[in-house]
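# Structural overview
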Amino acid sequence: MQFPESWLREFCNPPLSTQQLADALTMAGLEVEETAPAAPPFTGVVVGEIKVCEQHPNADRLRVCQVDVGTGSLLSIVCGAPNARVGIRVPVATVGALLPPGDDGKPFEIKLGKLRGVESQGMLCSASELKITEEASGLFELPVDAPIGTNLRDYMKLDDTLFTLKLTPNLGHCLSVFGVAREVSAITGAALKTASFPAVPAAHADKLAVKISAPDLCGRFSGRIVKGVNTQAKTPQWMVDRLARCGQRSVTALVDISNYVMFEYGRPSHIFDLDKIHGGLDVRWGKAGESLKLLNGNTITIDDKVGVIADNQAVESLAGIMGGDSTSVTDDTQNIYIEAAFWWPDAVAGRSRRFNFATDAGHRFERGVDPSQTVEHIERITQLVLDICGGQAGPMDDQQINLPVRKPVALRVARASKVIGMPVTAAQCLDAFKRLGLPAAEQGGVVTVTPPAYRFDISIEEDLIEEVVRMLGFDNLPTSLPIAPIAPQVRSETQRGRFAVRRALAGLGYQETINFSFVEERWETELAGNTNPIRLLNPIASQLSVMRSSLLGSLLQILKHNLDRKASRVRIFELGRVFKRDASVATSDSQVAGIAQPLRIAGLSFGAAAQRQWSVKDAAADFFDIKGDVESLLAPLQATFEAAEHPAMHPGRCASVLVDGKAIGVIGELHPRWKQGYELPLAPMLFELDLAAVMQRDMPVASSLSKFQDVERDIAVIVRESVSHAALMAAIHAAPCKGLLRDALLFDVYRPKDASVGMESSEKSVTVRLTLGSSEATLTDEQIEAAVAAVLKQLEGSVSARLRA
């Protein structure tokens, strides 16, 4: 919310500087997000009147003006503005004036000069040249009663300061200048100017018939007819300036009056063209299939969840949010109907978001607007209409159907002391409530408060405790150290930390990403095979409607985002939680019943396996590249890989990752269907692992190095094509070698082109290097041969291998 400081001080003027006032508001919970000057600095600009305006002798588009600035003599000023004419009063920058800085950051000095041979003794200014507004169509025309020679900053109060407040949703009563002034009075003790609303006498007896068919939508509806208004009347400059400093541009006099009272007292209202209303008005819930063209030009379809104001023929307004185009006020309007109502917050909340727009009225009504002041605010609007647009007001029509009943709220003083963290007395609580204008009474250590009509945020004891501490001052709270015992969380030596895992992947060339935990439902179905995801009750976006059970969808989205920006190589990972249904999970400090939230780590590799360089040819990353990355991440744990299937992976290029025989994740190439669906030029390689398993580490055990040299022997065996590397290594390490086999390495695979070498087409030859050794003695030939023979026998029995001749 934005407003000028001068307007605030008209209601409450504490003896504080601008900065002190901003600090006081912030420390009371009304955060001042920004203070800014109403206009940038400039000097030497006064109010002047054009007395003579003649054509420039040497230029078609220039005029020579004789301007009175109150010095006793006229200034000759050359001007090219199209609206320069005799009789108007405009800002005049005299010789020596400094105008607001330009793009170079330096002020612009006005000097005596000549334009096309004619001397110019100053400059006539537009609003944009003074940076008061963005309007640059011509000279800034001032009211005809602007005193000539007066400093423009003094006349327009340009030394004012604009306050921008960042209000929390519970501070709906502060969404007006008067509401903020009420808080300033409570905080500082300065006097608050009481608002008065003298009744406007009725000049005729006409009323508009109004029916309230939905008491749960509208609790009070007030209105008045004003006849014979001049809708083409000009809004006074003081009102235009105040609206501009609230961030609201001037539209027409009637619209400006309605907006002005909204900013002044927080009461949104609406003005109808009376002659366009057919019959009377009916305040009701909408009906399915009804439509309404709004003032913003949008046409919306209404249902029974949206409140409306309708006449005998059609819907005319969206209740509490925006008026309709069909009854809008135009230049031809002569008779108007002013409406102010109390709309129940629950009946307005969220409705405008359904139609993808927001309004100041809806913002206020969904937080709660004082239901007791509808008549008074119409009186204020009526008086402004009569003063500016003229007309004759009719009698007030006020229907009170279903007003909120404010229940007393009790505050235990002892409880307040405990929550606030410092001793608080009943007298302090009563004083705080008195300053805030909250009726209160104390008995037996309990203070009972009846919230006023405008305080929708007070309903429980904690609300009152908040008000007390705001008035006491957060800066007066004692600073004390925590007295609870603090036990350091020491990580076991058998685990490594999350940052160590992150650093390991970063060392492998991956970059970390952070993504939302809520994702598109399509991702869950396609990439995780999850047909029953955990749905969000109130998603921040319609497409982000479910909680993720896999990290892969987020990584693919980031890959697509980078490919769209011409990235050729992408290596990314994410460490985060996934969410799965699990009936065994009970509610705790960190868990919700029925939902498991394990941590996962997932990675994606796309494009070249290595950065481009002269010594290595470009080659796309494949299954074995990312398998090596997973093995490096898990080291020194020894992982095994078994063929598997996964909804996101290629059917023949996917494996389950196992550690100690337990599956901890999956690895593979993206399924061709999703490669095509995401329009990817290449299929990326993916992995996803349980973080708990990745963090596990065996305690290192010290052992002495062998003093005896190891022996290497190479064996070449023929096996079926279907025999995997894992099966081959498992058979070798299962051989009874009496502890002599240190290592086995497959270093060659041979597939014959024909059967002339004694091999079938369904067979392959593999060569394995065996490393044998003992820590007790040098191996003898007999021990070596026995170990090799044991390996060959085990291979024959396990994978039907035979020694290659």
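So, a few notes on the structure that sits alongside this text. Starting from 1, residues in each chain are numbered consecutively following that chain's sequence as written. In view of the model being predicted, local features appear only for residues whose pLDDT reaches at least 70, and side-chain atom pairs are presented and counted only at 80 or more, with totals across whole chains, interfaces and linings using the full set of residues. Each side-chain value is derived from all of the structure's non-hydrogen atoms; neither hydrogens nor water enter the calculation.

For two strands to pair, DSSP has to find at least two bridges joining them. We count a stretch as a helix when DSSP gives it H or I for four or more residues in a row; a strand needs E for two or more, and each element gets its number in order from the N terminus. Pairing in this open sheet of 4 strands is antiparallel, and the strands run E39-E40-E38-E41 from one edge to the other. In this open sheet, the two edge strands, each paired with only one partner strand, are strand E39 (741-750) and strand E41 (802-803). Judged from the 2 bridges that link them, strand E38 (residues 711-720) and E41 form a sheet pairing that is antiparallel. Counted as the bridge partner of Val717 is Leu803 from E41. Across the sheet, helix H20 (residues 725-733) lies against E39 and strand E40 (763-772), angled at about 145° from E39, the strand it touches most. In what follows, residue pairs with any heavy atoms lying within 4.5 Å of each other are defined as contacts. Convention adopted: a line fitted to C-alpha atoms gives each axis, helices being fitted over their contacting stretch, and angles between N-to-C directions are expressed from 0 to 180 degrees. Sheet strands in contact with helix H21 (residues 781-799) are E38, E40 and E41, and its direction is about 20° off that of E38.

So, about the packing of helix H6 (residues 253-265) against helix H10 (residues 374-389). Angle between the axes and distance between the axes are the two parameters that describe a pair of packed helices. Across the interface, H6 lies against H10 with an axial gap of 10 Å and an inter-helix angle of 145°. Where H6 crosses over H10, the two elements pack in a sense that is right-handed. For the pair formed by H6 and H10, the contact residues are Ala253, Leu254, Ile257, Tyr260, Val261, Glu264 and Tyr265 on the first element and His377, Arg380, Ile381, Leu384, Val385, Ile388 and Cys389 on the second. By convention the crossing between two helices is left-handed if the near helix lies anticlockwise of the far one by an angle smaller than a right angle, and right-handed if it lies clockwise.

What follows concerns H6. When the terminal C-alpha atoms of H6 are compared, their 18 Å separation across 13 residues agrees well with the 18 Å that a helix rising 1.5 Å per residue should span. The rule is simple: take the accessible area with a 1.4 Å probe, protein chains only, and divide by the maximum for that residue type; under 20% is buried, over 50% is exposed, in between is partly exposed. Among the 13 residues in H6, 12 count as buried, and that is most of the element. What H6 keeps buried is the set Ala253, Leu254, Asp256, Ile257, Ser258, Asn259, Tyr260, Val261, Met262, Phe263, Glu264 and Tyr265. Of the residues flanking the end of H6, it is Gly266, one or two places downstream, whose phi is positive at about 80°. By definition here, a helix of n residues has an expected span of 1.5 Å times n minus one.

Strand order in this open sheet of 5 strands is E12-E15-E18-E19-E20, and the pairing throughout is mixed. Of all strands in the sheet, those bounded by a partner on one side alone are strand E12 (210-212) and strand E20 (322-323).

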